[in-house]
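Residue-level listing of the chains:
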Amino acid sequence: FAARLVSLICITFAFLLHSTNLKWGLRVQNALGATKSFVLVSIAVGGVAVLLGVLGFHLDKNPGNLRWSTMWEGSESGGANAFITGSYSVIWSLIGYSNANYALSEIRNPIRPIKLATPLAKISITFVYMLVNIAYYTVVDKQDILGSGRIIAALFFGKLWGLWTERVSGHFYRILSLIVAISSLGNVLSVIFTQGRVIQELGREGILPFSGFFASNEPYDAPMAGLFSQWFMTSLLVTTVPPGDAYLFMLNASSYPLSIINTLVSGGLLLIRTAGTEFSKAYTWNPPFHAWYPVIAFFFMSNVFLVFAPLIPPIPAFRPYEHLPYWLHVSQGFVIALIGMIYWYVNFRWLPRRGGYAIIRERIVQEDGVSRNVMKKVPVLVAESEPLL
């Protein structure tokens, strides 16, 4: 109950902060992000210092995890399903890259920042993450890592400076747990900030029901409706998923639908970018910034793998969840995607054909200054000269 209550307080704080005060929300979010980066760099530097034998970074007992035989021991015991579960966790660790792209509409001139900041951030954080993993393996026994849950940083610092920290403060592990909690809060703030704007953009495109409501920036110049949607779904999962499975299920329930969307988007880009295809002739696609074709192809194939590999039943030695069936996040993702496709087809294809009308887009500006598309029904003869949806 305490964990669920704290989780609800955390997500509610993030929702209210970003909904009512955009500037302070960004300041808190950036401050927590900087704190997390500082902790990660500290762990990485500590691991390198142990490897180099720097004075003050000596271990009484070397765990020997970096030996080749020990490093990969048991890595094939979980089968393909375990590999996918681990892949989702790795992708989630670097998902800030896509979150930043979702918020590019908040930037006046996004092309230059995305060309410069994106590769620098991606390369630097990947390098730091690799050093952090090496640091964990250098200092902490492998069996302790496997059975520790998620607060491995506490084990790391405890092994490195355990005796000194016990003399200084008996609350060392609580302090480290607080640092991890602050890091998680920073993640919650950044995710709800960007996902709220994704929902707002769907409203601005006129795709969602009550699009004007979801597109609005009232009353505090922030997409409160989109943020509330994110808050509601997250709170629902926090309160209903069984204990022990909540974190991993929420991670997989977010990552799997994202893999479906990434497969469709990257597949569509390949069709548009492939010369001579019907799609490349029908669409003029010349954005100011685009990914290389081989990168799109690799991204497409990797997401196809992430979509279909979880359908393979796990071997008896591996269970993704304690109380839930392994396929629950897969079926949930497919059902949500299917509902969205049916909604779109019925509203924008089947009903217009049945009713003898077409749907055209009309751009309007709301009272709060937000521009959005309004879908208008017109007779088919009139629609032939208009841009169709």
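Structure: above.
Residues numbered from 1 in each chain as written. Predicted model: local features only at pLDDT ≥ 70, side-chain atom pairs only at ≥ 80, totals over all residues. Heavy atoms only, no water.

Colleague: When you look at the pairing of strand E1 (residues 357-365) in this model, what are you seeing that I'm missing?
Modeller: The side chains of a regular strand alternate between both faces of the sheet. As defined by bridge partners, E1 adjoins strand E2 (residues 371-379) across nine bridges and the pair is classed as antiparallel. Note that in E2 the partner of Ala-358 across the bridge is Val-378. Between the antiparallel neighbours E1 and E2 lie five residues, among them Gly-369 with a positive phi of about 90 degrees. (Pairing = 2+ DSSP bridges. Helix = DSSP H or I, 4+ residues; strand = E, 2+ residues; numbered from the N terminus.)

Colleague: Would you take a moment to explain the packing of aromatic side chains for this structure?
Modeller: Here a ring pair, both rings aromatic, is described through the centre-centre distance and the interplanar angle of the planes. According to the stated counting rule, one finds eight aromatic pairs in the structure shown. Aromatic pair Tyr-343 and Phe-348: ring centres 6.5 Å apart, planes at 85 degrees, arrangement edge-to-face. Overall, Tyr-343 belongs to the partly exposed group, its relative accessible area being 27%. Residue classification places Phe-348 among the buried residues on the basis of a relative accessible area of 9%. Above the ring of Trp-24, the side-chain terminus of Arg-27 is found at 4.9 Å from the ring centroid. Between the NZ or CZ atom of Arg-197 and the centre of the ring of Phe-193, over which it lies, the distance is 3.7 Å. (Phe/Tyr/Trp six-rings, centres within 6.5 Å; stacked < 30°, edge-to-face > 60°. Buried < 20%, exposed > 50% of the residue type's maximum accessible area, 1.4 Å probe, protein only. Lys NZ or Arg CZ within 6 Å of the ring centre and 35° of its normal.)

Colleague: How do you make sense of the packing of helix H12 (residues 246-273) against helix H15 (residues 328-355) when you look at a structure like this?
Modeller: When two helices pack together, their arrangement is given by the angle between their axes and by how far apart the axes lie. Relative to each other, H12 and H15 sit at 45 degrees, their axes nearing to 9 Å. What the angle tells us is that H12 and H15 run oblique. Taken as a pair, H12 and H15 cross one another with a handedness that is right-handed. From H12, Phe-249, Asn-252, Ala-253, Tyr-256, Pro-257, Ile-260 and Leu-264 reach across to H15, where they touch Leu-328, His-329, Val-330, Gln-332, Gly-333, Phe-334, Ala-337 and Met-341. Taken together, the residues of the contact of H12 with H15 break down into eleven nonpolar, four polar and no charged. (Axes fitted to C-alpha atoms, helices over the stretch in contact; angles between N-to-C directions. Parallel < 35°, antiparallel > 145°, perpendicular 65-115°, else oblique. Left-handed = near helix turned anticlockwise from the far one by under 90°. Contact = heavy atoms within 4.5 Å. Nonpolar A, V, L, I, M, F, W, Y, C, P; charged D, E, K, R; others polar.)

Colleague: Quick question: what am I supposed to make of helix H2 (residues 22-52) here?
Modeller: Residues separated by three or four positions in an α-helix point in the same direction, a consequence of the helix having 3.6 residues per turn. For H2, built from 31 residues, the straight-helix expectation of 45 Å at 1.5 Å per residue is met to within 8% by its first-to-last C-alpha distance of 45 Å. Of the residues making up H2, those classed as buried are Gly-25, Gln-29, Leu-32, Val-39, Leu-40, Ile-43, Ala-44, Gly-46, Gly-47, Ala-49 and Val-50. Positive phi shows up at Gly-53, right after H2, with a value of about 70 degrees. (Expected span 1.5 Å × (residues − 1).)

Colleague: Looking at this model, I keep getting lost on the nonpolar core. Mind explaining?
Modeller: In a soluble, globular protein the nonpolar side chains are often hidden away together inside. If you look at the biggest cluster of nonpolar residues, it comprises 21 residues, and the most contacted ones within it are Ile-43, Val-132, Tyr-136, Val-139, Phe-156 and Leu-160. When near neighbours in sequence (up to four residues on either side) are disregarded, Val-139 contacts Val-50, Leu-59, Pro-63, Phe-156, Lys-159 and Leu-160. In terms of nonpolar packing, the next biggest core, distinct from the first, is built from twelve residues, Trp-92, Leu-258, Leu-306 and Val-307 among them. (Core = buried A, V, L, I, M, F, W, Y, C linked by side-chain atoms within 4.5 Å.)

Colleague: Where do I start with unusual backbone geometry in this structure?
Modeller: Most of the time, phi is negative for any residue but glycine, and the peptide bond is trans. The linkage connecting Glu-218 with the following residue, Pro-219, adopts the cis geometry, with an omega of 0 degrees. A positive phi is found at Phe-210, a non-glycine position, where the angle reads about 55 degrees. With respect to the helices and strands, the residue Phe-210 is situated in the loop between helix H9 (172-204) and helix H10 (211-215). Given a relative accessible area of 69%, Phe-210 falls into the exposed group. Within the chain, Asp-221 stands out as a residue other than glycine whose phi angle is a positive 55 degrees.

Colleague: Would you take a moment to explain a nonpolar patch on the surface for this structure?
Modeller: On the surface, a nonpolar cluster with roughly 660 Å² of combined accessible area is contributed by Val-48, Leu-51, Leu-52, Val-54, Leu-55, Leu-66 and Ile-134. Top contributing element to the nonpolar patch by residue count: H2, with three residues. Summarising the element assignment, Leu-66 is placed in the loop between H2 and helix H3 (68-71). Among the residues examined, Leu-66 registers a relative accessible area of 38% and is labelled partly exposed. (Patch = residues over 30% accessible without salt bridge, like charges linked within 9 Å, V, L, I, M, F, W, Y side chains within 5 Å. Areas by Shrake-Rupley, 256 points an atom, 1.4 Å probe, with all protein chains shown as cover. Salt bridge = Lys/Arg side-chain N within 4 Å of Asp/Glu carboxyl O.)

Colleague: It is not clear to me how the side chain of Gln-29 should be interpreted in this structure. Could you clarify?
Modeller: Along the polypeptide, Gln-29 turns up in helix H2. Once you skip the residues sitting within four places of it in the chain, Gln-29 turns out to touch His-18, Leu-189, Ser-190 and Phe-193.

Colleague: Just to check I follow, could you spell out the side chain of Asn-373 for this structure?
Modeller: Relative to the elements of secondary structure, Asn-373 occurs in strand E2. The class for Asn-373 is buried, based on a relative accessible area of 7%. Within the local environment of Asn-373, its side chain forms a polar contact with the side chain of Glu-205, the two groups lying 3.4 Å apart. Excluding its chain neighbours within four sequence positions, the residues that come into contact with Asn-373 are Arg-204, Glu-205, Gly-206, Arg-361, Glu-362 and Arg-363. (Polar contact = N/O pair within 3.5 Å; in protein donor to acceptor, adjacent residues only side chain to side chain.)

Colleague: When you look at the packing of helix H1 (residues 2-20) against helix H11 (residues 224-240) in this model, what are you seeing that I'm missing?
Modeller: Packing of H1 against H11 leaves a shortest axis separation of 10 Å and a crossing angle of 180 degrees. Judged by the angle between their axes, H1 and H11 are roughly antiparallel. Contact with H1, carried on its side by Arg-4, Ser-7, Leu-8, Ile-11, Thr-12, Phe-15, His-18, Ser-19 and Thr-20, involves Met-224, Leu-227, Phe-228, Trp-231, Thr-234, Ser-235, Val-238, Thr-239 and Thr-240 of H11 and no other residues of that element. Split by residue class, the contact of H1 with H11 holds eight nonpolar, nine polar and one charged.

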